[in-house]
Each structure stands twice: as structure tokens, then as C-alpha cells.
Amino acid sequence: MKNTPIQLFDTKSRTLQAVQISNGKTLRIYSCGPTVYRDAHVGNMRTFLLGDLITRLAKFLNYEIKFIQNITDVGHMSEDFVEDKMLAQAKAESKDPYEIARIYESRFHNDLSSLNITKATSYPKASESISLMHDLITKLIETEHAYVGGDNCVYFSAQSFLGYGAISGNRLDALKPGHRFEYTEDGAKKFHADWALWKAAAGRSEMIWESPWGKGFPGWHIECSAMSLHYLDKFVDIHLGGIDLRFPHHENERAQSNSAINNEAVALWVHGEHLLFEGRKMAKSTGNVVLVADLIAKHLDPLSLRLCFLENQYRSQMDLSWDSLKAAHLLIQRWRDKTKIWAGSKEIDTKQAQVFIDEILSNFLDDLDTPRALQKLRSIEKAETLSDGVKYEIFETVDQLFGLDLLKPSIGKGELSPEVQTLLDQRQSARNNGDFAESDRLRELLLEKGVSVRDSKDGQNWEWLI
Ligand code: AMP
Ligand code: ZN
């Protein structure tokens, strides 16, 4: 079983492909990382989980892995191409753009760790990789894949790359002039679908660098080419990102990278489908954004989000809701309670356990079919023919793949933070003193903390709202 390859769906060939370690030694994975101008929402986290599922699986198979995820802290323009997202947020928060970047980068790492997402080998920052981009752009100019435009920006010549459009199906001849996929000064580009690799500073004064083409800043697409080629030694076995990045980001990255090395730079392009929340697209503009911090504030185990993601295969669009998160939270608690009971059992049949472990592993190998793997876990939990010891053995082993901390103690009903305990104590004494206004105020405060309080003749009883 451990010799069976991982199969993943490759967007470019539109087929399932076996993952190959092209250099025979280390599996090289690249994932487009966050643009650190705001907190990552749970939709972003679904895409980031994809890298974790693949690396956990690869580690389970004893592969050596190098996994690079970039941090975009410059060059990602707003939807209307008017402003750099970093600078717009720096202005909104009256902070230095680098400070904004470091704040949200650190929160991104906290969110990853709340979801048990294993760390990448490294997280190079775009702002610290400018010279890599200069080298790459110079090479593209020398090989006539790029040129300096009339506005002193450097553009990639889309027509110089013959395979353009293979990932997204967007053919160059069908991309109309005026199609707003890249901002530009009128007349500066030679062809309407060319895009900027280096943008002249023009009036901009922050986050700009000297370059052979004058002061300016990099385009978003060149960042990923420069970092993936450099850190992964000119070849990527698996390239990851959300489905929205297929075009233009990945299409342009492929054109740049392949032109620079005169070869195919990526074996598999793997994309995660989007997450909806309660039926709607997750977008700041519509106010429909949920963060990992929102789950924690509701006393939901953040791993309930991970479990909800696993209930859906990464290639299908999924709809998340508070109800599904609550159900997932309770299921994790139940499984943890069960493993605690099973842990004491001495009836261990390793061979029998291995059969079930292999079945679950084969679901993961089959294009990360996590819904089927979870179905199996549910039936193992209930199976009367399996001893507690075998169940424990299976749960312990496959948790390396699921990453749900199934052997951790569940949160006991009686566990309260010291802060909530103090509020409960204060409320009890307010009631004892007949101060019902204060007791009502404290009840409201406790509700905000996710604790519901009811009074009985024996005193106050509390329970979590979920
Ligand atoms: P950003 O920080 O906006 O550059 O996005 C980081 C990653 O999250 C990218 O790979 C996006 O494709 C992905 N992404 C954005 N929105 C969603 C969503 N609603 N569901 C899943 N992935 C998303
Ligand atoms: Zn990227």
C-alpha cells in the first residue's frame, strides 16, 4: 500500500495524475500563500489545508518533502488595479505597510497552527525576494519574452509563449482588448494581453525598490515564478492554490517560469474549490467573512472547521454553516471520549487494524477522498465486530492523516476559563444579595462569552451555548 502513488487532479491536463518525485529524492511542493493585508478567512484556510493534507500523506508514505509557501506582502493590486492592497490597508489603519504585513503574517501562522496545519519548509516574503525577481526579469528580457514599455514598466510578451492558456482554457486570441485582467497606462504595452513584471514607481513612494529599469515594484505573478524556481531548484512537482488563481495568476506564472527555464516548470497544477458560507460567497465586500477567531469566540474547537473541510473533497465547492461546525465540534468530542475509553483495551490485533488503516490510506491516495475516509472512520467507531483495542490502533494511526487530535482529551463540560468562572461567582453573589439588575447584566456578559445561565431553586446552572 505504501508503494501506491498519490493521485491528484491536474487542472492543466484535466486528468488524475500520479504524483512523482521528479528528482528521485525530495517531493517539491509550492503553494501560493496569503496576501497579508488582512486576516485570512476560513475560505483561505480551506485552500491552505490542501498543502497540509498532501504533506501529511507524503510524510505517512515516508517521502522527503520540501514545501514552499510564499507571503505576498507587495504587488498584489486591488480588484480595480488602482492600489496595492498592502498600501490601501496601511492607509486605512494609519500604519507602516511593513508593520501591517508582519501583523497579519503572524496571525496567519496562528490560524494555521489552530487548524493543525503543518509548517511549510519556509515562507519566503515577496519584499525580501526582489533581487530574485530582478534576475528573472533580466533573463526574460534577454530572451525576448519581456520588454520595457513606453511607461518604463517591464511587460511580459504574452505572444512569446506559445502554450498560453493551457491551465485555464483562456486562449490569447479570445482575450479581448479592454479585458480588465491587468492595469496599464494606455499605449505602453505592445499587445493588450501583456502584463507587468515590474511596475514603475510613478507617484508611489512606499514599497518601491531600485532596479535596472528605474524605481518601482514587482507584479504579483512574477513573485511566485521567482520564488518557486529559486527555492525549489527550477522544478515544482505539485503547485497549489485556490481555483480563482487559475487565471490570470497561474497562467501568467507558467508562461514566465517555462520561458525562463525553456521547459515545463510544474508537473501538476492542483486547485482547491471555493468555500461558501451559508450559501454565499465569502467576501469582505458583502460582509460575509468568517475567521478562525470567530469560531474560537464561539467556543468551537477550531479543528471542527478542519473536520468540516474533510467532509468535502477539495475539488467540490462546499457550503459551510454554523450548524455544520457545531455538529463537527460534537463529533470530535465524541471521538475523543471514545478513544479515551478504548485506550485501556488490551485486545489489539495489529493485522486486523492494518486492513482498515490501508483502506483509509487508499481513500487519501485517491485524490484526497477525505469524505469516504471519514465515512469509514464512522463505521469503524460503530463496528461491533472490532475490539476496542483495534479501534484505538486505527484511530491513533489514521489521525496522522486527518490531523484532528483524536487522542486528545475532550473539553469537559465542567472546564471554564478563570474569567468565566469569576463572572459566574459574581453573579451568584449578586443574586444572594438580591441585586437582580447586576445579576441580569452578568447573565448578558456570560451569554456573550458563550455561556447560558439558568436559575433554579438550588442556585444557578450553566451550559455552553453550542
Ligand atoms: P489571498 O490571500 O486573497 O491571496 O488568497 C489566498 C488563497 O486563498 C488563494 O489560494 C485563494 O485562491 C484562496 N481563496 C480565496 N477565497 C477563497 C474561498 N472562498 N474558498 C477557498 N479558497 C479561497
Ligand atoms: Zn502565486
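Source: prediction; values computed, not measured. Here the residue index of a chain counts from 1 through its sequence in written order. As a convention, the first chain written is A and the first ligand written is 1, with the rest following in written order. Side-chain atom pairs in this predicted model are given and counted only at pLDDT of 80 or more, local residue features only at pLDDT of at least 70, and totals for whole chains, interfaces and linings cover all residues. Hydrogens and water are ignored here; the side-chain numbers use all heavy atoms of the structure.

Trainee: Sorry if this is basic, but what is going on with the sheet that holds strand E8 (residues 216–218) here?
Mentor: Pairing between the strands of a sheet comes from backbone hydrogen bonds, and it takes one of two forms, parallel or antiparallel. The strand order across the open sheet formed by four strands is E5-E6-E7-E8, and the pairing between neighbours is antiparallel. Looking at strand neighbours, the two that pair on one side only are strand E5 (146–148) and E8, the edges of this open sheet. Taken pair by pair, the neighbouring strands of this sheet meet at an average axis angle of 20°, ignoring direction. Pairs of strands are assigned from DSSP output, requiring at least two bridges between the strands. Secondary structure elements are defined from DSSP: runs of H or I of at least 4 residues count as helices, runs of E of at least 2 residues count as strands, and each element is numbered from the N terminus. In terms of strand pairing, E5 meets strand E6 (residues 154–156) through three bridges, oriented antiparallel. Of the residues in E6, the one forming a bridge with tyrosine 147 is tyrosine 155. Here, two residues are considered to be in contact whenever any of their heavy atoms come within 4.5 Å of each other. Helix axes are fitted only over the stretch in contact, all axes being lines through C-alpha atoms; the angle between N-to-C directions runs from 0 to 180 degrees. Packed on one face of the sheet, helix H6 (residues 246–261) meets E6 and strand E7 (195–200) and runs near 85° to E7.

Trainee: Hey, could you run me through the coordination of the zinc ion (ligand 2) in this one?
Mentor: For a metal with four tetrahedral donors the ideal donor-metal-donor angle is 109.5 degrees, whereas six octahedral donors ideally subtend 90 or 180 degrees. The rule for donors is simple: N, O or S, within 2.8 Å of the metal, or within 3.2 Å if the metal is Na, K or Ca. Water isn't counted, so a site may look like it is missing partners. Coordination of the zinc ion (ligand 2) by the protein comes from Cys32 (SG), Cys224 (SG) and His249 (NE2), over a distance range of 2.1 to 2.2 Å. Each donor residue of the zinc ion (ligand 2) belongs to the same chain, with the gaps between them written as C-x191-C-x24-H. Here the residue cysteine 224 occupies a position in helix H5 (residues 220–231), and histidine 249 occupies one in helix H6, the gap between them amounting to 25 residues. The pair formed by cysteine 224 and histidine 249 is uniform in burial state, with each residue classed as buried. Burial here depends on accessible area, computed with a 1.4 Å probe over protein chains only, as a share of the maximum for the residue type. Under 20% is buried, over 50% is exposed, and the range in between is partly exposed.

Trainee: Got a minute to help me understand the packing of aromatic side chains in this structure?
Mentor: In this description, a pair of aromatic rings is defined by centroid distance and the angle of the planes. Aromatic pairing here means that ring centres of Phe, Tyr or Trp (its six-membered ring) are within 6.5 Å. Orientation follows from the plane angle: under 30 degrees is stacked, over 60 is edge-to-face, and everything else is tilted. Counted according to the given criterion, the structure contains 10 aromatic pairs. Summarising the aromatic geometry, the rings of tryptophan 198 and tryptophan 213 are spaced 6.2 Å apart at their centres and angled 55° between planes, so their arrangement reads as tilted. Pair noted here: tryptophan 198 is in strand E7 and tryptophan 213 is in the loop between E7 and E8, with a separation of 15 residues, a long-range link. Tryptophan 198 sits in the buried class, given a relative accessible area of 0%.

Trainee: I tried to follow the packing of helix H4 (residues 130–142) against H6 on my own but got confused; where do I start?
Mentor: Helix-helix packing is described using two parameters, namely the angle between the two axes and the distance between the axes. Where H4 meets H6, the closest approach of the two axes is 10 Å, and the angle between their N-to-C directions is 70°. Comparing their axes, H6 and H4 come out roughly perpendicular. Judged by residue contacts, Leu136, Lys139 and Leu140 of H4 engage Gln256, Ser259 and Ala260 from H6. Any residue that is not Ala, Val, Leu, Ile, Met, Phe, Trp, Tyr, Cys, Pro, Asp, Glu, Lys or Arg is counted as polar, Gly included; the first ten are nonpolar and the last four charged. Its residues assigned to classes, the contact of H4 with H6 comprises three nonpolar, two polar and one charged. Orientation labels follow simple angle bins: below 35 degrees gives roughly parallel, above 145 gives roughly antiparallel, 65 to 115 gives roughly perpendicular, and whatever is left gives oblique.

Trainee: I'm lost on helix H8 (residues 303–310) in this one. Help?
Mentor: Given 3.6 residues per helical turn, the α-helix brings residues three or four places apart onto the same face. Most of H8 sits inside the fold, with eight of its eight residues counted as buried. Residues of H8 that are buried include every one of Leu303, Ser304, Leu305, Arg306, Leu307, Cys308, Phe309 and Leu310, and no others.

Trainee: What am I meant to see in the domain arrangement of the chain here?
Mentor: In many analyses, interface size is given as the accessible surface area lost on bringing the parts together. Residue ranges assigned to each domain were obtained from an automatic or database domain assignment. When its domains are assigned, the chain resolves into domain 1 (2–272), domain 2 (276–402) and domain 3 (418–464). In this structure, domain 1 and domain 2 have C-alpha centres spaced 31 Å apart. Opposite the 33 residues of domain 1 that make contact, domain 2 presents 34 residues. Buried area: the accessible area, evaluated with a 1.4 Å probe, that two parts lose upon being put together, summed over both parts. Taking both sides of the interface into account, the surface hidden between domain 1 and domain 2 amounts to around 2800 Å²; carbon and sulfur atoms contribute 71%. The term salt bridge refers to a pairing of a side-chain nitrogen on Lys or Arg with a carboxyl oxygen on Asp or Glu at a separation within 4 Å. Counting across the interface, domain 1 meets domain 2 through one salt bridge. Between aspartate 52 and arginine 306 there is a salt bridge whose closest N-O contact spans 2.7 Å. Polar contact is defined as a pair of N or O atoms within 3.5 Å, subject to the rule that within protein one atom must be able to donate a hydrogen and the other to accept it, and that residues adjacent in sequence are counted only when both atoms are side-chain atoms. Joining domain 1 to domain 2, the criterion identifies 11 residue pairs in polar contact (both at pLDDT 80 or more). For the side of domain 1 that touches domain 2, the elements supplying multiple residues, two or more each, are strand E1 (7–10), helix H1 (42–60), helix H3 (97–114) and strand E10 (266–272). Among the elements that take part in the side of domain 1 that touches domain 2, H1 stands out by supplying 12 residues, more than any other. For the side of domain 1 that touches domain 2, the residue count by class is 18 nonpolar, nine polar and six charged.

Trainee: Teacher, can you tell me more about the pattern of salt bridges here?
Mentor: Within this structure, the stated rule accounts for 22 salt bridges. Close ionic contact of aspartate 73 with arginine 102 constitutes a salt bridge, the shortest N to O distance being 2.8 Å. In this pair, aspartate 73 sits in the loop between strand E4 (64–69) and helix H2 (85–93) while arginine 102 sits in helix H3, placing the two residues 29 residues apart along the sequence. A salt bridge links aspartate 173 to arginine 171, with the nearest nitrogen and oxygen atoms 3.8 Å apart. Here the two residues aspartate 173 and arginine 171 agree in accessibility, since each one is exposed. Within the structure, one salt-bridge network assembled from shared partners comprises Asp73, Arg102, Glu105 and Lys125.

Trainee: Would you mind showing me how to read the sheet that holds strand E11 (residues 275–277) here?
Mentor: Strand order in the open sheet formed by three strands is E12-E11-E13, and the pairing between neighbours is mixed. The open sheet has two edge strands with one neighbour each: strand E12 (280–281) and strand E13 (318–320).

Trainee: How should the side chain of arginine 204 be read in this particular structure?
Mentor: Within the secondary structure, arginine 204 is located in the loop between E7 and E8. Among the polar contacts listed, one links the side chain of arginine 204 to the backbone oxygen of glutamate 206, at a separation of 3.0 Å. Every residue in contact with arginine 204, bar those within four places of it in the chain, is listed here: Val74, Asp84, Leu87 and Phe217.

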